[in-house]
Amino acid sequence: STDNGATWTALPLGLNSGSPNIYLYSVATNNTGTWIAVAASGYAARSTDNGATWSPLPVGLIENNPYLTVNTICESQKNGNTIVALVTGYSGTTIDGYASRSTDGGNTWTILPKGLNMVSTTAGFTWVATDSAGVWVVVTDVGHASRSIDNGVTWTALPPGLNSGLATAAFSSVATDGGGVWVAVAAAGRASRSTDNGATWTALPQGLNSGLATAAFSSVATDGGG
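The rules behind each value
Counting from 1, residues in each chain are numbered in the order their sequence is written. Totals for whole chains, interfaces and linings use every residue, but because this is a predicted model, local features are given only for residues with pLDDT of at least 70 and side-chain atom pairs only at 80 or more, for both listing and counting. Only hydrogens and water are set aside; all other atoms, that is, all heavy atoms of the structure, feed into the side-chain values. A helix here means a DSSP run of H or I that spans at least four residues, while a strand means a run of E at least two residues long, and both kinds are numbered starting from the N terminus. The buried label applies to any residue whose accessible area, calculated with a 1.4 Å probe on protein chains only, is under 20% of its type's maximum; exposed applies above 50%, and partly exposed to all values in between. Whether two residues touch is decided by their heavy atoms; if any such pair falls within 4.5 Å, the residues are in contact. Using a 1.4 Å probe, accessible areas were evaluated by the Shrake-Rupley method; residue-level cover was limited to the displayed protein chains. Pairing between strands is defined by DSSP: at least two bridges between the two strands are required. As used here, the term nonpolar core means buried Ala, Val, Leu, Ile, Met, Phe, Trp, Tyr and Cys residues forming a set that is joined through side-chain atoms within 4.5 Å.

Caption draft 1: Examining the overall build of the chain more closely. Looking only at helices and strands, the chain has zero helices and 16 strands in total. For the chain, the proportion of its 226 residues judged to be buried stands at 49%. Within the chain, residue pairs in contact and separated by at least 24 positions form 44% of the contacts whose partners lie at least 6 positions apart. As displayed, the chain has an accessible area near 10,300 Å², and 53% of this comes from carbon and sulfur atoms.

If you want it as structure tokens, here you go:
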């Protein structure tokens, strides 16, 4: 849609990623015309004309792992830096913490340390978010998390469970207001908050006072203004 969602035009199946019937997991933009979409089995596609046309990216986004299953968000910064978190899904029993990074709007990609220096190198990434000023936070389905303050070049592990009270919390989403405050949510009603750009985290009330302490939170969002 180019009119704020009033009308819509269909795009090619699979976004010309190389597989027309692949399951598309996520799409993001750098707000300057470039879009990246990621899909199952490692397929990905890129548009440089605000989504009008699409071209395939290398399967897996990293040459030595061509059969990855993308399981999470592709986040793009306004300056063009992009990171995509990937996991493998062979037979549903093996998960590998692969990740790849682009600094040219998704045109080329480089390999990041496996597991992004978390305690577990095989954690399943579930969400990645950025403040568009160099800070990135990645969360996983087993409580592991990692943070970068240099646009994804280097990564430091965060406390398991982000001090939510459950070290193995299955995080589903993390978001920031861009002003230093971050919130991460998980299953079992767990949630955690940071007010120093993700450096330290404290638990939020279990269930976020929703009435169900064990709520399985699936997403968190911010208006950027508190």
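Resuming the write-up.
Caption draft 2: A look at the pairing of strand β15 (residues 191–194). In this structure, strand β14 (residues 182–186) lies alongside β15, joined through four bridges in antiparallel fashion. Residue pairing in the sheet places Ala184 in a bridge with Ser192 of β15. Taken together, β14 and the strand that follows it, β15, pair antiparallel across an intervening segment of four residues, in which Ala188 is found at a positive phi of about 60 degrees. Of the strand pairs in this sheet, β15 and strand β16 (residues 202–203) are connected by two bridges, and their pairing is antiparallel. Across the sheet, the residue bridging to Arg193 is Thr202, located in β16.

Caption draft 3: Just the nonpolar core, in detail. Core analysis: the biggest nonpolar cluster contains 14 residues, and Val137, Val139, Leu162, Phe171, Val174, Trp182 and Trp201 have the highest contact counts within it. Contributions of two or more residues to this core are made by β10 (136–140), β13 (171–176) and β14. The element that contributes the greatest number of residues to this core is β14, accounting for three residues. The contacts of Leu162, once residues within four sequence positions are left out, are Val139, Gly143, Ala145, Phe171, Ala184, Ser192, Trp201 and Thr202. Ala85, Met118, Phe125 and Trp136 belong to the second-largest nonpolar core, a separate cluster that totals 11 residues.

Caption draft 4: Quick look at the environment of Tyr25. Tracing the backbone shows Tyr25 in strand β1 (residues 24–29). Along the sequence, Tyr25 and Ala37 sit 12 residues apart, while their C-alpha atoms lie 7.6 Å from each other.

Caption draft 5: How the structure looks around the sheet that holds β10. Strand order in this open sheet of four strands is β9-β10-β11-β12, and the pairing throughout is antiparallel. If you trace the sheet from one side to the other, it starts and ends with β9 (125–130) and β12 (156–157), each paired once. Examined bridge by bridge, β10 and strand β11 (residues 145–148) share four bridges and lie antiparallel to one another. What sits directly across from Val139, in β11, is Ala145.

Nothing here speaks to function; it is geometry throughout.
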